Amino acid sequence: MRHRCGGCGNEWEDGSWRSTCSRCGQTVTGTPPPVRGPEHPEKLIQVLLSLQKERGWLSRETLKEVSRRLGAPLSVVYQVATFYKAFSLAPRGKHHLRVCMGTACQIRGSPALLERVRQLLGVEPGETTADGKFTLETVNCLGCCAMGPVMMVDDRYFGRLGVSQVEKVVKSFG
Ligand code: FES
């Protein structure tokens, strides 16, 4: 599996999907294994992306339906749906809040950002607030390390974010 570290740019190959950068210690995921089953593998990803956007998450019934319609084994559909962070197999909140915990962002203070978000929302990463407004997640890199620390809410990036600014950002989506 080919890996490229989003934090320091190091590149390497090994046999696992997830690997740790020997230069900076960041955990990264590699290119997924080839999808076997549907005639056009990219179509599976497109269909899942479209359903994720339309329904907010991918239920077991949805994945079964995709498997049947595309002629892809259910195991392959699950493999893809669980590999990409863009897909959720559980209902998500109205807003998807991601705090980057990649090396570049950690150095610039993302742990304090995450702590502030946890205080404000009262949830841990991977959880959804009781009112269904926010789902909190951490990610290894959002691809804009120079703007660190970075937080993302839905499609919007908030870079060089100070702890004191977090509440204002969160409330603007509440
Ligand atoms: S480490 Fe790359 S955006 Fe945070």
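Residues numbered from 1 in each chain as written. Predicted model: local features only at pLDDT ≥ 70, side-chain atom pairs only at ≥ 80, totals over all residues.

Draft legend 1. Structural view of the overall build of the protein chain. For the protein chain, the count of helices and strands is six helices and eight strands. Ordered by position from the N terminus, the helices and strands of the protein chain form the series β-β-β-β-α-α-α-β-α-α-β-β-β-α. Counting over 174 residues, the protein chain shows a buried share of 25%. The long-range share in the protein chain, meaning contacts at least 24 apart out of those at least 6 apart in sequence, stands at 56%. (Helix = DSSP H or I, 4+ residues; strand = E, 2+ residues; numbered from the N terminus. Buried ≥ 20, exposed ≤ 12 C-beta atoms within 10 Å, placed from the backbone. Contact = placed C-beta atoms within 7 Å.)

Draft legend 2. Structural view of the packing of helix H2 (residues 60-70) against helix H3 (residues 74-83). With their axes 9 Å apart at the nearest point, H2 and H3 run at an angle of 125 degrees to one another. When the interaxial angle is binned, H2 and H3 end up oblique. Taken as a pair, H2 and H3 cross one another with a handedness that is right-handed. Residues Leu63, Lys64, Val66 and Ser67 of H2 form the contact with H3, whose own contacting residues are Leu74, Val77, Tyr78 and Ala81. The class makeup of the residues in the contact of H2 with H3 is six nonpolar, one polar and one charged. (Axes fitted to C-alpha atoms, helices over the stretch in contact; angles between N-to-C directions. Parallel < 35°, antiparallel > 145°, perpendicular 65-115°, else oblique. Left-handed = near helix turned anticlockwise from the far one by under 90°. Nonpolar A, V, L, I, M, F, W, Y, C, P; charged D, E, K, R; others polar.)

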